[in-house]
Amino acid sequence: MAAAQSARAQRLRDAGYRLTQPRLAVLEALERSRGHVTSAELLEMTPGVGRASVYRALELFTRLAIIRPAWLHDSTTPSYLLLPDGHHHHILCTHCDRIIEFDDCQLEPLQRELESRYGMRLRGHLLEFYGHCPDCADTTEG
């Protein structure tokens, strides 16, 4: 499995967790989908893995800041997002549900300040902005 060689798999090993077949299958499915996948979609993508194993893997990956749940499109079911380099960013159009991803959040100074102020070692973040995309701004204004 390619997932066994990934940096995310190494994070599991470094945290003291075994690379079990179910964990690797879920990790591979997440990496193949590049994130933005629901638990139901993951269940379909990992037919040999039981429901409980998928949910346990998602919980573990969330705890290790490999993924984060996000509620997109007014959904009651989260999509799971991979956190490349420990962070993930979106601009969401609340009218048409368009998602724009961006990498340059420039939050490192704020992260260092928060770590210093609260004595925390931060491992990741999810940043979302909401508004209307250019196409929808014209139809929703005035």
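Please read all numbers here as calculations on a predicted model, not as lab measurements. (Residues numbered from 1 in each chain as written. Predicted model: local features only at pLDDT ≥ 70, side-chain atom pairs only at ≥ 80, totals over all residues. Heavy atoms only, no water.)

J.: What is the right way to look at unusual backbone geometry in this model?
T.: Outside of glycine, negative phi angles account for most residues, and trans bonds account for most peptide bonds. Despite not being glycine, A65 shows a phi value in the positive range, around 60 degrees. Owing to a relative accessible area of 3%, A65 belongs among the buried residues under this scheme. (Buried < 20%, exposed > 50% of the residue type's maximum accessible area, 1.4 Å probe, protein only.)

J.: What am I meant to see in the nonpolar core here?
T.: Soluble, globular proteins show a tendency: their nonpolar side chains are buried together. Formed by 24 residues in total, the largest nonpolar core has its most connected members in V26, L30, L42, L58, F61 and I67. Elements with a minimum of two residues in this core: α1 (7-14), α2 (21-33), α3 (39-45), α4 (51-63) and β3 (79-82). (Core = buried A, V, L, I, M, F, W, Y, C linked by side-chain atoms within 4.5 Å. Helix = DSSP H or I, 4+ residues; strand = E, 2+ residues; numbered from the N terminus.)

J.: Any chance you could explain the sheet that holds strand β6 (residues 125-131) here in plain terms?
T.: The three strands are arranged β5-β4-β6 in an open sheet whose pairing can be described as mixed. Every other strand in the sheet has two partners, leaving β5 (99-101) and β6 as the edge strands with one partner each. In this sheet, neighbouring strand axes are inclined to one another by 20 degrees on average, regardless of whether the strands run parallel or antiparallel. Strand direction decides the pairing type here: strand β4 (residues 87-93) and β5, joined by three bridges, are antiparallel. The partner of I91 across the bridge, within β5, is I100. (Pairing = 2+ DSSP bridges. Axes fitted to C-alpha atoms, helices over the stretch in contact; angles between N-to-C directions.)

J.: Hey, could you run me through the sheet that holds strand β1 (residues 37-38) in this one?
T.: Hydrogen bonds along the backbone pair up the strands of a sheet, which may run parallel or antiparallel. Sheet architecture is open: three strands sit in the order β1-β3-β2, paired in antiparallel fashion. With partners counted over all chains shown, the strands left at the sheet margins are β1 and β2 (67-70), one partner each. As paired strands, β1 and β3 are joined by two bridges and run antiparallel to one another. Its bridge partner lying in β3, T38 is registered against S79.

J.: How do you make sense of the side chain of S39 when you look at a structure like this?
T.: Examined against the element boundaries, S39 turns out to sit in helix α3. In this structure, S39 is in contact with Y55, L58, P78 and Y80, ignoring residues within four places of it in sequence. (Contact = heavy atoms within 4.5 Å.)

J.: What am I meant to see in the pattern of salt bridges here?
T.: In a structure, side chains of opposite charge can pair up when their charged atoms sit close to one another. Taken as a whole, this structure holds four salt bridges when the rule is applied. One salt bridge connects R8 with E31, and the closest N-O pair in it is separated by 3.2 Å. Of this pair, R8 sits in helix α1 while E31 is found in helix α2, placing the two residues 23 residues apart along the sequence. For R8, a relative accessible area of 21% translates into the label partly exposed. On the basis of relative accessible area, E31 is assigned to the partly exposed category, the value being 22%. (Salt bridge = Lys/Arg side-chain N within 4 Å of Asp/Glu carboxyl O.)

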